[in-house]
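Chains, contacts and geometry: an overview
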Amino acid sequence: MSCYLIGNARPEGGDPADLLVTDGTVTAVGAPGSLQVPEDAEVIDASGLIALPGLVDMHTHLREPGREDAETVQTGTRAAARGGFTAVFAMANSNPVADTAGVVEQVWQLGRDAGWTDVHPVGAVTVGLEGTRLSEIRAMAESRAAVRMFSDDGKCVHDPVLMRRALEYVKAFDGIIAQHAQEPRLTEGAQMNEGAVSADLGLTGWPAVAEEAIIARDVLLAQHVGSRLHICHLSTEGSVEIVRWAKSRGVYVTAEVTPHHLMLTDELVRTFDPVYKVNPPLRTDADVQALRRAVAEGTIDVVGTDHAPHTAEDKECEWSCAAHGMTGLETALSVVQLSLVDTGLIGWDRVAQIMSHRPAGILGLTDQGQPLRPGSVANLVLWDPAGATPVDPATHASKGRNSPYRGMTLPGSVRATFYRGHPVVRDGELATPLGR
C-alpha cells in the first residue's frame, strides 16, 4: 500500500488543507492536522504550495513514430510530468501519420509503457493530412486508444465539404474536430504576422484574416451540423470576437490559446532568431492583451501548449528555412502565472479550470481534471508560486531545445507531480514512472 499525507497545501489557491493519498486515490481532505493518518504514511510538507489537479494538455507533439530524433513518447511525457501534466493529447502529424487504428494504438501503448502521464492519441481527420479524403475515423474511435479528438493540426482542413462531413461523422459518437485555422491560399509563402513589423523587415505577412475566415466558416458549419468544434491555438483579437459571437448563438465551439501567444509578440521577430518562428505566428501586443482578456472572461476555454520540439538541424538555421514551433510543456504553468495570475486577471481556481478541469471535460476524461476531494484519482501537482524557474533548455527533459524563454527566469516551479497517486516528480526533479 502507498500512502502520502500532503500537508498544508492550498487546493486551487484556497485555504490550507491536508490531503491524504492512498493507493492512487485522494481518500481524505481536511484542515491542517485534522486527519487520521496511517503510521506508514509518508509526510510531504506542502506549506506555501498550491495544489492543482494534474494538468491536461490538449495539444502536444510527441513526434513518435517517425521523428524520434526530435522527441519520443518517453522524453515528451517526462517533460510533461516535469511541467505538472498528468495527461497529454498527442497530435497526429507523426510519420506515419496517426490516421489508422494501428498507429494510434501504437502511440497509446507507448504512453502506457512509459508511465509518466496518460497519453491520448489524436487521430488525423484526413488520410496523410492531405485534406482529400477522410481517415479511418470510426476504426480509431473503436480502437484500444478510444480516440475522441481528430485533427490535421499543422495543416488546415480547408475543404468545406470535407470539414462538414468530418463534423457529421464524429457526431455519432460525440467526437470532436479540432481545427488548425489557416486558409492556405492566404498564407502562401508567409513568414510572420502581417503588420508593421513584417513591412519593416520585408517578410511576407501572415494575415489575421487567414485564421479568422476559417474559424467563421467552421463555427457556421458546426452550428448547421450540430456537432462539436474545437479551435486550436487561437492567436488574434478577431478570432476571439468570432468565437464569442458563436458561443452567444449556442454553437458548441471551444477554443484554446498557447502560453507563447499569451506572452510573446511579433516584435521579437526583429531578432531573426528562428526560435520565434511558430504557426500561427506571434501577433501584436493588442492581440496578446485580447487573448488574455478572453481567457479571463471564459471565451477561451483552454490553455494548450502546442509543444513542438525540433532538432537543431531543423530549427537552428536561417529564418526562411527554419521549422515552425516551440517547446512548452516544462514552462507552460510559469508563463500562465506570469501572464494571467501575476497580472491579476485570474486566480488559481481559474488556472485549474483552463489547464485541467475544462480540457478533461471537453474530452470526456473521467479520471483526469477532477477536483481534489475524497474519491478522486490522485492526479495532482504541487506548485510553488514564490519559486523561480531559470530556463535552460539543455536541462529540459524534452529533446527539443527550441524554447523561446531560454535565458529567462520565469516565476513559480513544480515541486511534485503525482500521477495516479505515484510521485513521478519529487523536489522538482523526475523520480520514477508509475509501475517501476
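Because the structure is predicted, anything quoted here is derived from the model rather than measured. Counting from 1, residues in each chain are numbered in the order their sequence is written. Totals for whole chains, interfaces and linings use every residue, but because this is a predicted model, local features are given only for residues with pLDDT of at least 70 and side-chain atom pairs only at 80 or more, for both listing and counting. Water and hydrogen atoms were dropped before computing side-chain values, which therefore reflect all heavy atoms in the structure.

Concerning the sheet that holds strand E8 (residues 118–121)
- On the basis of which strands lie adjacent, the open sheet formed by three strands has the order E6-E7-E8 and parallel pairing. A strand with exactly one partner marks an edge of an open sheet, and here the two such strands are strand E6 (55–60) and E8. Taken over all neighbouring pairs, the strand axes of this sheet differ in orientation by 20° on average, direction set aside.
- Strands are treated as partners if at least two bridges between them are detected by DSSP. Starting at the N terminus, helices and strands are each numbered in turn, a helix being any DSSP run of H or I of at least four residues and a strand any DSSP run of E of at least two. Summarising the sheet, E6 and strand E7 (residues 85–90) pair through four bridges and their orientation is parallel. By the bridge assignment, valine 56 is partnered in E7 with alanine 87.
- Its contacts with the sheet place helix H1 (residues 73–82) against E7 and E8, and it is angled at close to 140° to E7. Helix axes are fitted to C-alpha atoms over the stretch in contact, other axes to C-alpha atoms as well, and angles between N-to-C directions run from 0 to 180 degrees. In what follows, a contact means two residues having at least one pair of non-hydrogen atoms within 4.5 Å.

Things to note about the UniProt feature "binding site: Zn(2+) 1" (unreviewed entry) in the protein chain
- Mapped onto the present numbering, the UniProt feature "binding site: Zn(2+) 1" (unreviewed entry) falls on His59, His61, Asp153 and Asp306. Spanning 248 residues, the named residues nonetheless gather at one spot, since no C-alpha pair among them exceeds 9.8 Å.
- The topology assignment puts histidine 61 in the loop between E6 and H1.
- For the purposes of these results, a polar contact is taken to be a pair of N or O atoms within 3.5 Å, where, inside protein, one atom must be able to donate a hydrogen and its partner to accept one; residues adjacent in sequence count only when each atom of the pair is a side-chain atom. Among the polar contacts made by the side chain of histidine 61, one reaches the side chain of asparagine 93 at a distance of 2.9 Å.
- In this fold, aspartate 306 is placed in the loop between strand E15 (302–303) and helix H9 (312–315).
- With a relative accessible area of 7%, aspartate 306 lands in the buried category.
- Setting aside chain neighbours within four positions, we find aspartate 306 in contact with His59, His61, Asp153, His233, Thr258, His260, Asn279 and Met326. UniProt positions are given in the numbering used here, feature names are shortened, and annotations may be inferred rather than shown by experiment. The classification of residues rests on relative accessible area computed with a 1.4 Å probe and restricted to protein chains. Under 20% of the type maximum is buried, over 50% is exposed, and intermediate values are partly exposed.

Digging into the pairing of strand E1 (residues 3–11)
- For E1, a buried count of seven out of nine residues is recorded, marking the element as mostly surrounded by other parts of the structure.
- One ladder, built from five bridges, connects E1 with strand E2 (residues 17–22); its direction is antiparallel. Across the sheet, the residue bridging to cysteine 3 is threonine 22, located in E2.
- Once E1 ends, the chain turns through five residues before running back antiparallel as E2, passing glutamate 12 with a positive phi of about 55°.
- Sheet topology places E1 next to strand E4 (residues 42–45); four bridges connect them, and they run parallel.

Some points on the packing of helix H6 (residues 208–225) against helix H7 (residues 237–248)
- Axis separation between H6 and H7 bottoms out at 9 Å; the angle between their running directions is 10°. Taken together, the axes of H6 and H7 lie roughly parallel to each other. In this structure, H6 contributes Glu211, Glu212, Ile215, Ala216, Val219 and Leu220 to the contact, and H7 contributes Gly238, Ser239, Ile242, Val243, Trp245 and Ala246.
- The class makeup of the residues in the contact of H6 with H7 is eight nonpolar, two polar and two charged. An angle counts as roughly parallel when it lies under 35 degrees, as roughly antiparallel when it exceeds 145, as roughly perpendicular when it falls between 65 and 115, and as oblique in every other case. We call Asp, Glu, Lys and Arg charged. Ala, Val, Leu, Ile, Met, Phe, Trp, Tyr, Cys and Pro are nonpolar, and the rest, Gly among them, are polar.

Topic: the packing of aromatic side chains
- Aromatic pairs are defined between Phe, Tyr and Trp rings, using the six-membered ring for Trp, whenever the two ring centres lie within 6.5 Å; interplanar angles under 30 degrees are classed as stacked, those over 60 as edge-to-face, and all others as tilted. A full pass over the atoms with the stated rule returns two aromatic pairs.
- Seen in terms of ring centroids, tyrosine 4 and phenylalanine 418 are 5.4 Å apart; in terms of plane orientation they differ by 75°. Their pairing is edge-to-face. On the criterion of sequence distance, the pair formed by tyrosine 4 in strand E1 and phenylalanine 418 in strand E17 (residues 409–419) is long-range, its members being 414 residues apart. Phenylalanine 418 carries the same exposure label as tyrosine 4, and that label is buried.

Digging into the UniProt feature "binding site: substrate" (unreviewed entry) in the protein chain
- UniProt records the feature "binding site: substrate" (unreviewed entry) for His61, Leu62, Arg63, Asn93, Asn279 and His310 in the present numbering.
- Overall, the relative accessible area of 4% leaves histidine 61 in the buried class.
- The contact partners of histidine 61, leaving out residues within four places of it in the chain, are Glu71, Met91, Asn93, Asp153, Asp306, His307, Ala308 and Pro309.
- There is a polar contact of 3.5 Å between the side chain of histidine 61 and the side chain of histidine 59.
- The topology assignment puts asparagine 93 in the loop between E7 and helix H2 (101–114).

Overview of the sheet that holds strand E10 (residues 176–179)
- Sheet architecture is open: five strands sit in the order E9-E10-E13-E14-E15, paired in parallel fashion. Strand pairing shows two members of the sheet lacking a second neighbour, strand E9 (149–150) and E15, which therefore form its edges.
- Where strand E13 (residues 229–231) meets strand E14 (residues 253–257), three bridges bridge the pair, whose relative direction is parallel. Pairing of histidine 230 across the sheet is with threonine 254, part of E14.
- This element, helix H4 (residues 160–171), spans E9, E10 and E13 of the sheet and lies at about 145° to E10.

Observations concerning the packing of helix H10 (residues 332–341) against helix H11 (residues 348–362)
- One way to put it is that H10 packs onto H11 with a least axis distance of 11 Å and a crossing angle of 130°. With respect to each other, H10 and H11 are oriented oblique. Handedness of the crossing formed by H10 with H11: right-handed. Here Ala332, Leu333, Val336, Gln337, Leu340 and Val341 of H10 come into contact with H11, specifically with Trp348, Val351, Ile354 and Met355.
- Tallied by class, residues from the contact of H10 with H11 come to nine nonpolar, one polar and no charged. What makes a crossing left-handed is the near helix being turned counterclockwise from the far one by less than a right angle; a clockwise turn instead makes it right-handed.

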